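# Analysis of the macromolecular model
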Amino acid sequence: MKKLTIILLLVLVSAFLLFSGCKKDKDDDDGGITGIPDITPSNYDWDIYFMDYSSDGRASEYMIWADWLGENSAISEEDTFTISLNGETHEFWGGNYGGEWSFYAMAELEPGTEYSMVFKKNDDTVASKSMRMPYQPDATFPSVFDPASSATMSWEMAGNNNFQVVSLSSEGEGDDDYDDWEKAIDASARTFTFPANTVESYGPHTQYNMLLAQMNFEKSNRVAFSGFSYAAEVYGEGTPAKLEASELHQIAKNLHQQMK
């Protein structure tokens, strides 16, 4: 069994795909969100998302992306973008990648803390909103994992997030040796049992990934804000991917685009 250190974003594919499948745009009379909306150019101009890729439950390193969904001509290389989080300003970097404008920043933030966010273009406010960074689960995983037997994980959190998903995947040595399973569970749940034979085994060298993903979502006019956090465990002889920052950026961007 191997403890995660920083990055298991490849495993998050399953959770993001499930979030995508669960999206509903249901606003009540007060403008509250009761489901994840479709984040598309028809109803949003900006897609801003925070990813917590630490796992110690304390102050965490977040990567923040801001994707422009409108016409390319509306953004230029001279434009500058910032986001203020409880009064601390962070500058975005980035540019046009393959015909799409995407910008990124990094910040030390506290899981479970509500932040007042102000997103600006060229010092002009585009959107402002308050959002709580998802509570980070303190998870207890099975000490060993046998795909032929049921497996129970449990966790504690200081409060409920908007959404949570459990996921299990397996990966063998062959190019096509991959299987995954995921399920959206109630936001108040604190335990889950994976049934026996949930995913395929590909022999003694199979790697198994067990994941609990958390998400919060807010919107301000035509700007979407979302935050992601997770706890995960790896079993078997496989080794978690060690990614450079540039690779992480691209993987996270690709995963998040599955939601659109």
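Scroll up to find the structure.
What comes next concerns the included structure. Given the structure is predicted, the values throughout are model-derived calculations rather than measurements.

### As for the pattern of salt bridges
Per the counting criterion, the structure on display carries three salt bridges. Among the ionic pairs, Asp45 bridges to Arg222, the shortest N-O distance being 3.0 Å. Here Asp45, found in the loop between helix H1 (12-21) and strand S2 (46-52), pairs with Arg222, found in the loop between strand S15 (207-220) and strand S16 (223-236); they are 177 residues apart in sequence, far enough to count as distant. You can call Asp45 partly exposed: its relative accessible area is 25%. Residue Arg222 is classed as partly exposed on the basis of its relative accessible area, which comes to 32%. Note that Asp79 and Lys121 form a salt bridge whose closest N and O atoms lie 3.9 Å from each other. With a gap of 42 residues between them, Asp79 in the loop between strand S3 (60-68) and strand S4 (81-85) and Lys121 in strand S8 (residues 114-121) connect regions that are remote in the sequence. By relative accessible area, which is 16% here, Asp79 ends up buried. Assessed through its relative accessible area of 23%, Lys121 is described here as partly exposed.

### Overview of the sheet that holds strand S10 (residues 138-140)
With antiparallel pairing, three strands are arranged side by side in an open sheet as S10-S11-S14. Every interior strand has two partners, whereas the edge strands, S10 and strand S14 (191-194), have only one. For this sheet the average axis-to-axis angle between neighbouring strands, irrespective of direction, equals 20°. As paired elements, strand S11 (residues 151-156) and S14 share four bridges and run antiparallel to each other. Pairing of Met153 across the sheet is with Phe192, part of S14.

### As for the packing of aromatic side chains
Across all of its chains, the model carries 14 aromatic pairs by this definition. Measuring from ring centre to ring centre gives 6.2 Å for Trp46 and Phe103, while their planes differ by 45°; the resulting arrangement is tilted. Of this pair, Trp46 sits in strand S2 while Phe103 sits in strand S7 (residues 100-109), placing them 57 residues apart in sequence. This pair shows no difference in class: Trp46 is buried, exactly as Phe103 is. Feature note: the residues Trp46, Trp68, Phe81, Phe92, Trp101, Phe103 and Phe119 constitute an aromatic cluster, connected by ring pairs.

### Considering the nonpolar core
With 25 residues, the main nonpolar core has Trp46, Ile48, Phe50, Leu85, Phe92 and Phe225 as its most contacted residues. Elements that contribute at least two residues to this core include exactly S2, S3, S4, S7, S8, strand S9 (124-132) and S16. Looking at this core, the element that brings in the most residues is S7, giving five residues. Residues in contact with Trp46, not counting those within four places in the same chain, are Ala66, Asp67, Trp68, Leu69, Ile75, Phe81, Phe103, Phe119, Val126, Arg222, Val223 and Ala224. Grouped together as the second largest cluster of nonpolar side chains are 20 residues, Ala151, Met157, Val166 and Met210 included.

### Digging into the pairing of S2
Of all seven residues in S2, seven are buried, a share of seventy percent or more. Here S2 shows two buried faces, one formed by Trp46, Ile48, Phe50 and Asp52 and the other by Asp47, Tyr49 and Met51. Looking at chain direction, S2 and S3 are connected through seven bridges and run antiparallel. Bridging from a neighbouring strand, Asp52 pairs with Tyr62 of S3. With six bridges joining them, S2 and S16 adopt parallel strand pairing.

### What to know about the pairing of S7
Note that S3 and S7 share eight bridges and pair antiparallel. What sits directly across from Met63, in S7, is Met106. By the bridge criterion, five bridges tie strand S6 (residues 93-97) to S7 in an arrangement that is antiparallel. Bridged to Asn96 within S7 is Trp101. Linking two consecutive strands that pair antiparallel, namely S6 and S7, is a turn of two residues; a positive phi of about 60° is found at Gly98 within it.

Rules used in this analysis
Residues numbered from 1 in each chain as written. Predicted model: local features only at pLDDT ≥ 70, side-chain atom pairs only at ≥ 80, totals over all residues. Heavy atoms only, no water. Salt bridge = Lys/Arg side-chain N within 4 Å of Asp/Glu carboxyl O. Helix = DSSP H or I, 4+ residues; strand = E, 2+ residues; numbered from the N terminus. Buried < 20%, exposed > 50% of the residue type's maximum accessible area, 1.4 Å probe, protein only. Pairing = 2+ DSSP bridges. Axes fitted to C-alpha atoms, helices over the stretch in contact; angles between N-to-C directions. Phe/Tyr/Trp six-rings, centres within 6.5 Å; stacked < 30°, edge-to-face > 60°. Core = buried A, V, L, I, M, F, W, Y, C linked by side-chain atoms within 4.5 Å. Contact = heavy atoms within 4.5 Å.

Everything listed is a geometric property; what it means functionally is a separate question.
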